[in-house]
Structure formats: C-alpha cells, structure tokens
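The primary structure of each chain is shown beneath.
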Amino acid sequence: MKGRLWTSVYLVALVWPMPAFLASAPSAAEVVLVAAGVTGFVVLYLRVVWTALVRPHRNATPYALALLYAVTAAMAPILGEMWLFATSYFLITAVATALPERVLPVAAGVTVVALTLALPLLGRPLAEYWWMPLQTVVFTAAIRAFLRLESANRALSEANVKVERLAVDNERLRFARDMHDLLGHSLAVMTVKSQLAGRLAVADPERARAEMEEVEELSRQALSEVREAIAGYRELSLPEELDGARRALGTAGVRLEVAAGPLPADVEPVLAWVVREAATNVVRHSGARRCHIRLGVEGGEAYAEVRDDGRGPAPVAGGGGNGLRGLAERVHVAGGTLDGGPAEGGGFLLSARLPLADAP
C-alpha cells in the first residue's frame, strides 16, 4: 500500500506541460484529447506499476507497457518537450518495476535515444535542451542503484530470518543435549541404586534404606540441575563430577582410580562433561570392574582420559549414543577433539584433548 501511494503521488508532475498548452488557446477538441491522453497514460502507468508491486512479483502484460510508450509519443506533438521530459521519469520507473533488472539499461537507452531524436522533431534544438536526456540517464542510474539497495536489504532481511531460525534450532539442540547429559547420568545411577536396594530389601534392609535415601537425594539433585539448565547455561564443576563418578561407580561395583594434575579453569567445565558422560557409560554399558581417570596438561593441551576394562559403548567415530555425540559437539565447540574406542589390552578408552588458550 505504501509503495502504491508513492507511485501515485508523483503523477502530479504531469501538470508541467499544461501551462504552455493552455496558453496556446487550444480548441475544445484538443482539450478533450489531452484529457483523454493524460488519463490513459495515468491508468496504464498505474496498471503496470501497481501490478509489479504485488508480492509475489507479477508483471503486467507487455501490451500495457507498449501502450504507455505509444500514448507518450502520440501526445508529444500537442504537449511538447515538457511532456516528454515529465513522462520519461515514469517510463523508466515502469520499466524498472515491471521488467528484470538486466532489461533496464536497454529500455532506458531506448527511452533516452527516443527523447533525443524527438526534441529536434518538435523544433527544440538539442544544443539547448541537452539536459533533458542527461537527466533521464541520471534518473535511470538512481533507479538502478535504488533497486539494488532494495534487493540487498531484502536479502539481508531473509538472511537475518535464517540466522534467527538457526539460532533457535541450535539452542534447542543445546538444550536437548544438556537434558540428556544432565538426566542421563543421574537416572543411570538412580536405576543402579534402585536395583541394588531391591536386592537388599530382605537381606539387608538398612543398606536398602540407605540406597533409597541416596536415590531420593539424586532425584532432588537432578531436579535442581534441570532448573539450572532452564534458567541458563550451566557449567559443571570438575571436582564435583569426580566425586559423583566415584559414588556412581562405587555403587555399580566398579573400582575407580583418579590421577589428576592441575588444569586451567577455562577447560575444567568441558572436561567435567567428559568425566560425567564417561562415568555414565561405564555404569550403563561397560560391565567393567575397574576404571581409571587421568586428567592433566601435556604438549600445550589439556586432556581427560577415562579407561575401563569392560566392553564400552559404540566407538565415537562410528556415531555412538546420543550422549557421546552431544559430548563430541561440546568438545568440538571448545576447539578440541574427542576419541573413543577399544583400548590396548582390552576395555574401552575415551579421550578428550583441548588446546590451551595461552599455548604457543
């Protein structure tokens, strides 16, 4: 609607040739003819431009554009050079809106040549009216620049929409990954403890009650972690995850050994996720009896290695489960690498390496 309004307002420029025409004392027939011609020009122009402004883009029939040029030429002997000068702007605008951009230079060139040839035929020396074709050329360049700017703005708007959509999709993936990593660990430990409490219910009621109390505490902790994840991105604590891994593996009957050296604070959250996911997989899938965790810095990289003597999950290179895929994404975003697979001498080895910020 706004575009149609502006294209209509500028039609007031068609009054330019009218003072000279009325000063020539035209006959009634000439007045009627001019009124019909100007009305026809306006109707044809609006048909071409308004149709082209509809989205998705639709062009008016070629006949409307051809008739627009024909009406302009037919009225030139009566209204003179000011008519040609005024209508040249509308002809260029009609061509620019209705036809592809690659056609604009050709159509504008034809319009400029026609205007240049028409001036001498109307008895107007080109040496005196040279500025009219020049103004048309300048206007054509301005229209072309405007169309390119509009196209660039439209492409930028579409790109912004895509970026926003991708950002939403990435946030959904991140949230889904966090939910899996947060709840997967807690639910795996709760399952093991619940099974253990079921087996001990008769043989050792006190131990069974203690295990169920830990299940309750784990459920509260899981609920708290979910709330933190909903509130915002949650960074894990490496010492807390090592303690959690020790408790979870101890419940599953897996002996844990930890060898941890000093680590930069900026890599600890990512390595904490490695420890959490690795401990969860040992409890769920490995059937291991022993597990060894190594943490430290070597060769300008921080590393975390988790080795067990069980069968382990599917190798990371082959896809693995959702947890390993999510963990690989986390490590990759941090600029590191994650590898997992059968270890030498049996068992499973999960290894993550992260470059240090101050490494050469």
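Refer to the structure above for everything that follows.
Every chain is numbered on its own, with residues counted from 1 as its sequence reads. Local features in a predicted model are, by the rule used here, given only for residues with pLDDT of at least 70; side-chain atom pairs are given and counted only at 80 or more, and totals for whole chains, interfaces and linings are based on all residues. With hydrogens and water excluded, all non-hydrogen atoms of the structure serve as input to the side-chain values.

Asker: Can you break down the environment of Thr-72 residue by residue, with the values?
Answerer: A run of H or I in DSSP counts as a helix once it spans at least four residues, and a run of E counts as a strand once it spans at least two, with each numbered from the N terminus. Structurally, Thr-72 can be placed in helix α4 (residues 62-79). Under the relative-accessibility criterion, Thr-72 is labelled buried at 4%. Between the C-alpha atoms of Thr-72 and Val-38, which are 34 residues apart in sequence, the distance is 8.8 Å. When neighbours within four sequence positions are excluded, Thr-72 is seen to be in contact with Phe-41, Trp-83, Leu-84, Thr-87 and Leu-91. Residue burial is assigned from relative accessible area. The probe radius is 1.4 Å, only protein chains are included, and a residue is buried under 20% of its type maximum, exposed over 50%, and partly exposed in between. Here, two residues are considered to be in contact whenever any of their heavy atoms come within 4.5 Å of each other.

Asker: Any details on the environment of Arg-124? Residues and values, ideally.
Answerer: Summarising the element assignment, Arg-124 is placed in the loop between α6 (104-121) and α7 (131-203). Its relative accessible area of 29% is what places Arg-124 among the partly exposed residues. Contact partners of Arg-124, with chain neighbours within four places excluded, come to Glu-81, Leu-119 and Tyr-129. Here Glu-81 takes part through its side chain, which lies 2.8 Å from a polar atom of the side chain of Arg-124. As used in this structure description, the phrase polar contact means that two N or O atoms lie within 3.5 Å; if the pair is within protein, one of them must be able to donate a hydrogen and the other to accept it, and residues adjacent in sequence are counted only when both atoms belong to side chains.

Asker: Help me get a handle on α4, residues and values and all.
Answerer: One fewer than the residue count of a helix, multiplied by 1.5 Å, yields its expected span. A rise of 1.5 Å per residue sets the reference length of α4, with its 18 residues, at 26 Å; its end C-alpha atoms lie 25 Å apart and thus fit the reference within 8%. Those residues of α4 not exposed but buried are Ala-64, Leu-65, Leu-68, Val-71, Thr-72, Met-75, Ala-76 and Leu-79. Down the axis of α4, the buried set is contained in an arc of 150°. They therefore lie on one face. Opposite the buried face of α4, by more than 90 degrees, sit the exposed residues Pro-62, Tyr-63, Ala-74 and Pro-77. One or two steps after α4, the chain reaches Gly-80, where phi turns positive at roughly 80°. Directions drawn from the helix axis to the C-beta atoms are what define this arc.

Asker: Quick one: what's the story with helix α5 (residues 81-98), residue by residue and with numbers?
Answerer: With 18 residues, α5 ought to run about 26 Å at 1.5 Å a step, and its terminal C-alpha atoms sit 26 Å apart, in line with that. Two axes define the bend at a residue: one fitted to the seven residues ending there, one fitted to the seven starting there, and the bend is the angle between them. The largest bend along α5 measures about 30° and falls at Thr-87. The buried count for α5 comes to 17 of 18 residues, which makes it a mostly enclosed element.

Asker: Describe the packing of aromatic side chains, with residues and values.
Answerer: Here a pair means two rings of Phe, Tyr or Trp (six-membered ring of Trp) with centres within 6.5 Å. Their orientation is stacked below 30 degrees between planes, edge-to-face above 60, and tilted elsewhere. This model, assessed by the stated rule, comprises six aromatic pairs. Centroid distance Trp-16 to Phe-85: 5.7 Å. Interplanar angle 15°. Geometry classified as stacked. In this pair, Trp-16 is assigned in the loop between α1 (2-9) and α2 (18-23) and Phe-85 in helix α5, connecting sequence segments 69 residues apart. Ring centres 5.3 Å apart and planes at 80° place the aromatic pair Phe-85 and Tyr-89 in the edge-to-face group. Taken as a pair, Phe-85 and Tyr-89 lie in helix α5 at a separation of four residues, close to a single helical turn. Here Phe-85 matches Tyr-89 in class, with each residue buried. Two limits define a charge over a ring: the Lys NZ or Arg CZ must be within 6 Å of the ring centre, and within 35 degrees of the ring normal. In this structure, Arg-330 is placed above the aromatic ring of Trp-273, and the distance from its NZ or CZ to the ring centre is 3.7 Å.

Asker: Please set out the pattern of salt bridges residue by residue, giving values where relevant.
Answerer: The salt bridge criterion pairs a side-chain nitrogen of Lys or Arg with a carboxyl oxygen of Asp or Glu, the two atoms within 4 Å. All chains considered together, the criterion is met by eleven salt bridges. For Glu-257, the salt bridge identified is with Arg-255, shortest N-O distance 4.0 Å. On the accessibility criterion, Glu-257 (29% relative accessible area) is partly exposed. A salt bridge links Arg-290 to Glu-257, with the nearest nitrogen and oxygen atoms 2.9 Å apart. You can see Arg-290 sitting in strand β2 (residues 290-298) and its partner Glu-257 sitting in strand β1 (residues 255-260), a full 33 residues away along the chain. What makes Arg-290 partly exposed here is its relative accessible area of 39%. Here the salt bridges share partners, and the residues they tie into one network are Glu-206, Arg-209 and Glu-213.

Asker: Describe the packing of α4 against α5, with residues and values.
Answerer: Contact geometry of α4 with α5 gives a least axis separation of 9 Å together with a crossing angle of 170°. Judged by the angle between their axes, α4 and α5 are roughly antiparallel. Of the residues in α5, those in contact with Leu-65, Leu-68, Tyr-69, Val-71, Thr-72, Met-75, Ala-76 and Leu-79 of α4 are Glu-81, Met-82, Trp-83, Leu-84, Thr-87, Leu-91, Ala-94 and Val-95. Of the residues that constitute the contact of α4 with α5, the class distribution is 13 nonpolar, two polar and one charged. Every axis corresponds to a line fitted to the C-alpha atoms, with the helix fit spanning only the stretch in contact, and the corresponding angles, defined between N-to-C directions, vary from 0 to 180 degrees. Note on terminology: angles under 35 degrees are roughly parallel, angles over 145 are roughly antiparallel, angles of 65 to 115 are roughly perpendicular, and the others are oblique. Basically, the charged four are Asp, Glu, Lys and Arg, the nonpolar ten are Ala, Val, Leu, Ile, Met, Phe, Trp, Tyr, Cys and Pro, and anything else, Gly included, counts as polar.

Asker: Describe the sheet that holds strand β5 (residues 348-355), with residues and values.
Answerer: Read across the open sheet, the five strands follow the order β1-β2-β3-β5-β4; overall the sheet is mixed. The open sheet has two edge strands, β1 and β4 (337-342), and neither has a second partner. Between one strand axis and the next, the sheet turns by 10° as a mean value, whatever way the strands run. Being paired, for any two strands, means DSSP has found at least two bridges between them. Examined bridge by bridge, β4 and β5 share six bridges and lie antiparallel to one another. Bridged to Thr-337 within β5 is Arg-353. Those strands touched by helix α9 (residues 238-251) are β1 and β2, and its axis lies near 160° from that of β1. On top of the sheet, helix α10 (residues 268-286) reaches β2, β3 (301-308) and β5; it is set at about 10° to β3, its chief contact.

These figures capture arrangement, not role.
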